[in-house]
Amino acid sequence: MRQIFNGVYKINGKLATENLAPGFRVYDEKLIRQKGEEYRIWDPLRSKLAAAIENGLKEFPLNRNSNVLYLGASSGTTASHIADICSNGLVYCIESSKRMMRELIPVTMKKTNMIPILADARRPREYFSKIGRVEVIYQDVAQPNQAEILLRNSEEFQPGNAMFAIKARSIDSIRKPKDIFREEIDKLKERFQILQIIDLNPYDKDHVLVNLKAK
Ligand SMILES: C[S@@+](CC[C@H](N)C(=O)[O-])C[C@H]1O[C@@H](n2cnc3c(N)ncnc32)[C@H](O)[C@@H]1O
């Protein structure tokens, strides 16, 4: 086993995080015991952050104490690994679908540093009062105006870093993904320095993860 980033390990060639709720699985991931601790294998086919790490992410903004605003938490696959990594921090999980929220809530009952919030990420003012200081925004919402959503939330929460998954097909299913990515990223340049743009192929087609640092 070797550590590759704060709280992120490689075990037998596979990514893993230390399980904050030993014995509990979020999405049928494999659990492995090493040196008296339990680790969860982190599947890059199920998580864009894991795919970005496998594809060469260089700077990792998360650590044990980070508080994270997670936009588009779905049933908690990636958010639960972030909760493992940020074990002394809080992961505020914004999700607008009631169906996904029903799956997310049992996860947050086990991973007690995950806070589920049923809300629309396009309207951060509606959840601003429920959330404390956050150092990082992680965004993965399938919406046409993805960059605007990140900018609106960054204005409210003033994070030092952001990780932004862009799904070209949610913005336009006809135009070239490369052009869409460039346009979305250009919108962020005033507020953020672009640290890295990571193509998520072959794990996710027509997706990039953009690693950002506030200016
Ligand atoms: C691609 S999935 C996220 C997968 C998740 N990030 C993971 O890796 O485990 C996108 C999620 O964004 C949610 N979503 C879409 N529009 C949203 C909005 N305006 N506000 C909050 N969540 C939204 C969807 O319901 C869906 O669960």
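Structure report, in brief. (Residues numbered from 1 in each chain as written. Predicted model: local features only at pLDDT ≥ 70, side-chain atom pairs only at ≥ 80, totals over all residues. Heavy atoms only, no water.)

Here's the deal with the environment of alanine 21
Part 1 of the argument: Within the fold, alanine 21 resides in the loop between strand E3 (14-18) and strand E4 (31-34).
Part 2 of the argument: Each C-alpha atom of the pair alanine 21 and glutamate 156 lies 31 Å from the other, and the pair is 135 residues apart in sequence.
Part 3 of the argument: In this structure, alanine 21 is in contact with Lys110 and Lys111, ignoring residues within four places of it in sequence. (Helix = DSSP H or I, 4+ residues; strand = E, 2+ residues; numbered from the N terminus. Contact = heavy atoms within 4.5 Å.)

Focus on the packing of aromatic side chains
Part 1 of the argument: Under the criterion given, the structure shown has 5 aromatic pairs.
Part 2 of the argument: Taking 4.8 Å as the distance between ring centres and 15 degrees as the angle between the ring planes, the aromatic pair formed by phenylalanine 5 and phenylalanine 60 counts as stacked. Note that phenylalanine 5 is positioned in strand E1 (residues 2-5) and phenylalanine 60 in the loop between helix H1 (48-54) and strand E6 (68-71), a separation of 55 residues in sequence.
Part 3 of the argument: On the basis of relative accessible area, phenylalanine 60 is assigned to the buried category, the value being 13%.
Part 4 of the argument: Measuring from centroid to centroid gives 5.2 Å for tyrosine 9 and tyrosine 39, while their planes differ by 75 degrees, and the two rings are edge-to-face. Of this pair, tyrosine 9 sits in strand E2 (residues 8-11) while tyrosine 39 sits in strand E5 (residues 37-41); the two residues are 30 residues apart in sequence, bridging distant segments of the chain. (Phe/Tyr/Trp six-rings, centres within 6.5 Å; stacked < 30°, edge-to-face > 60°. Buried < 20%, exposed > 50% of the residue type's maximum accessible area, 1.4 Å probe, protein only.)

Let's talk about the nonpolar core
Part 1 of the argument: Trp42, Leu49, Ile53, Phe60, Leu62 and Ile82 are the most contacted members of the largest nonpolar core, which has 37 residues in total.
Part 2 of the argument: Listing elements by their share of this core, those giving two or more residues are H1, E6, helix H2 (77-85), strand E7 (91-95), helix H3 (98-110), strand E9 (136-139) and strand E10 (161-167).
Part 3 of the argument: Excluding residues within four positions of it along the chain, leucine 49 makes contact with Trp42, Leu57, Phe60, Leu62, Thr78, Ile82, Tyr138 and Met163.
Part 4 of the argument: Residues Phe164, Ile180, Phe181 and Leu212 belong to the second largest nonpolar core, which totals 28 residues. (Core = buried A, V, L, I, M, F, W, Y, C linked by side-chain atoms within 4.5 Å.)

Some points on the sheet that holds strand E11 (residues 192-199)
Part 1 of the argument: One open sheet holds the 7 strands; their spatial order is E8-E7-E6-E9-E10-E12-E11, and the pairing between them is mixed. Two strands lie at the open edges of the sheet, namely strand E8 (114-118) and E11, each paired on one side alone. Taken pair by pair, the neighbouring strands of this sheet meet at an average axis angle of 20 degrees, ignoring direction.
Part 2 of the argument: Pairing between E6 and E7: 4 bridges, direction parallel. Across the sheet, the residue bridging to valine 68 is valine 91, located in E7. (Pairing = 2+ DSSP bridges. Axes fitted to C-alpha atoms, helices over the stretch in contact; angles between N-to-C directions.)

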